[in-house]
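A structural walkthrough
So the chains spell out like this:
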Amino acid sequence: MVVLLRRRYAPGNPAFDTCRTHFEDATTRCSRLGGVAITTDNSVVEVMERILLVPDGAREFTEDLSDVRIHHRIRAALLQQLLDLGLPHRGTGEEMRFDKWDMANVGVSLGLPCPRRLAMRWWSKALAETPTCRSIGYTLEVAARCPDPGHAEPCEFSLSPEFQGAARVRAVRSGVYSCEIGLPGGLRYFGDPFTDLFASVLDIRFHLLPVALSDDLGFVAETNLADCRAATMHLLRQARERELPVRTAVGYFVAPPYATPHAWIECQLEDAWWPADPFLLNALIRWQIIDPSRWPVNRSPQALLWPLHKRHFVAMTHRGAEVYPTVAMTERRLSG
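Residues numbered from 1 in each chain as written. Predicted model: local features only at pLDDT ≥ 70, side-chain atom pairs only at ≥ 80, totals over all residues. Heavy atoms only, no water.

1. Structural notes on the pattern of salt bridges
Put simply, the rule is: Salt bridges are defined by distance alone: a side-chain nitrogen of Lys or Arg within 4 Å of a carboxyl oxygen of Asp or Glu. Remark: exposure states derive from per-residue accessible area (1.4 Å probe, protein chains only) relative to the maximum for the residue type, with buried under 20%, exposed over 50%, and partly exposed in between. Secondary structure follows DSSP: runs of H or I at least 4 residues long count as helices, runs of E at least 2 residues long count as strands, and numbering of each begins at the N terminus.
Overall, the coordinates contain 11 salt bridges when judged by the stated rule. A salt bridge links Lys125 to Glu129, with the nearest nitrogen and oxygen atoms 2.9 Å apart. Judged by relative accessible area, which is 45%, Lys125 ranks as partly exposed. Classification of Glu129 by relative accessible area gives partly exposed; the value is 36%. Taking the shortest distance from any N to any O, the salt bridge between Arg247 and Glu266 comes out at 2.7 Å. Of the two residues, Arg247 sits in strand E12 (residues 246-253) while Glu266 sits in strand E13 (residues 258-269), which places them 19 residues apart along the sequence. For Arg247, a relative accessible area of 28% translates into the label partly exposed. Take Glu266: its relative accessible area is 7%, and that puts it in the buried class.

This is the structure in structure tokens:
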């Protein structure tokens, strides 16, 4: 039996805006009254304690006050509270600049309606709605804009070999491709010998890291902070010490309306490799935005994780230079 579900998501579509809803998590109480986020003092102090563990040399102060307000959704009163607690910045007054990762961590940790927290909300919704059918097919629209509009030569976009080898690809127009992929459905849980491995990340706190720290396992051990990439590398090291069959994977978390770049591990079971993501599942459980009875950390998100490479991939290029496309889900097909 094949069930076909069609969904169209695009910027400005109401489906995008429905994700901007109020929710509570374990460490933050956030409500929006007239668009203003109100947080508890303890939650602000906690995120600032984590931010100040990041060495200043890893920061790039690129975000101005307009970026902070519009993109990161941090209002003036909250920003002042953060500054009073020692938020790193450069400049004064209207010339102040901030690090984008610091700002992103504020939004994610305090539950503000910023892009990264909204993406996690999409992830939790996709997990809650994951069907248990035998397989799931997706149609994805991969699109990029010209990075240098107005150049004399025609645009020359190209999808990477990783994309072309993992999907049925059809060119729609310049810079836009339709990709059909298939992922396994069903339920799969990891037990021994992976139980202790998964437990090794349960005390590590989710924190978006600058690129300079994303592979620094010394920083993870010292601070107990990691993002998905750093946690994946931590799990790989722990698995090697335990002589477990584990490898890393990078690709996309496929959740409407947009698939998001992501990193996780794969564990070998019965001569096949299956995705596991105990770090992300534990973070979502901590924030109380997924049900741990349905999504314990040892359940495989196999229907949502699309692997493209073991460590790093380039999704698309324009005249040989890397560009960063959006990957929107346009169709989902359920089989079995």
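2. Things to note about the pairing of strand E9 (residues 176-184)
Formally: Strands qualify as paired when DSSP identifies two bridges or more between them.
Looking at chain direction, strand E6 (residues 135-143) and E9 are connected through nine bridges and run antiparallel. Bridge pairing in E9 places Ala143 opposite Val176. By the bridge criterion, five bridges tie strand E8 (residues 168-173) to E9 in an arrangement that is antiparallel. By the bridge assignment for E9, Ala171 is matched with Tyr177. A loop of two residues connects E8 with E9, the two strands running antiparallel in sequence, and Gly175 in this loop sits at a positive phi of about 80°.

3. Notes on the sheet that holds strand E7 (residues 157-159)
Heads up, the rule is: Note on geometry: axes are C-alpha line fits, over the in-contact stretch for helices, and angles between N-to-C directions span 0 to 180 degrees.
Read across the open sheet, the three strands follow the order E7-E16-E17; overall the sheet is antiparallel. One side of each edge strand has no neighbouring strand; the edge strands of this open sheet are E7 and strand E17 (321-323). For this sheet, the mean angle separating the axes of adjacent strands, direction not counted, is 35°. As judged from the three bridges shared by strand E16 (residues 316-318) and E17, these two strands associate in the antiparallel manner. Paired with Met316 across the strands is Val323, a residue of E17.

4. Focus: the packing of aromatic side chains
For clarity, the threshold we go by: Each Phe, Tyr or Trp ring (for Trp, its six-membered ring) is paired with any other whose centre lies within 6.5 Å, and the angle between the two planes then decides the class: stacked below 30 degrees, edge-to-face above 60, tilted in between. We call a charge positioned over a ring when the NZ of a Lys or the CZ of an Arg lies within 6 Å of the ring centre and within 35 degrees of the ring normal.
Within this structure, the stated rule accounts for 11 aromatic pairs. Ring pairs connect the aromatic residues Phe163, Tyr252, Trp306 and Phe313, which therefore count as one cluster. It is Arg188 that lies over the ring of Trp274; its NZ or CZ is 3.6 Å from the centre. The ring of Trp295 is capped by Arg299, whose NZ or CZ atom sits 3.7 Å from the centre of that ring.

5. Overview of unusual backbone geometry
Residue Pro193 follows Asp192 across a cis peptide bond; omega there is 15°. Note that Pro193 resides in the loop between E9 and helix H8 (195-199). Backbone torsion omega between Pro256 and Pro257 reads 5°, so that peptide bond is classified as cis. Relative to the assigned elements, Pro257 resides in the loop between E12 and E13. Although it is not a glycine, Asn224 adopts a positive phi angle of roughly 65°. Within the secondary structure, Asn224 is located in the loop between helix H9 (217-223) and strand E11 (225-226). Asn224 gets classed as partly exposed once you look at its relative accessible area, which sits at 31%. Positive phi values are uncommon outside glycine, yet Glu270 reaches one of about 50°.

6. What to know about the pairing of strand E18 (residues 326-335)
For E18, the buried fraction is high: eight of the 10 residues fall into the buried class. As paired elements, E6 and E18 share nine bridges and run antiparallel to each other. The residue bridging Glu141 from the neighbouring strand is Ala328, located in E18. Taken together, the two bridges between E13 and E18 define a ladder with antiparallel strand orientation. If you follow Ala259 over to E18, its bridge partner there is Val327.

7. Digging into the packing of helix H2 (residues 41-51) against helix H5 (residues 100-109)
Under the convention used in this document: Two helices crossing with the near one rotated counterclockwise from the far one by less than a right angle form a left-handed crossing, whereas a clockwise rotation gives a right-handed crossing. Contact between two residues is taken to exist if any of their heavy atoms lie within 4.5 Å; hydrogens are not considered. Residues are grouped as follows: nonpolar covers Ala, Val, Leu, Ile, Met, Phe, Trp, Tyr, Cys and Pro; charged covers Asp, Glu, Lys and Arg; every other residue, Gly included, is treated as polar.
In contact at an axis separation of 10 Å, H2 and H5 are set at 150° when each is read in the N-to-C sense. Our pair here, H2 against H5, has a crossing hand that is right-handed. Note on element contacts: H5 touches H2 through Asp102, Asn105, Val106 and Ser109, opposite Val47, Arg50 and Ile51. Taken together, the residues that form the contact of H2 with H5 break down as three nonpolar, two polar and two charged.

Read these as geometric descriptors, not functional statements.
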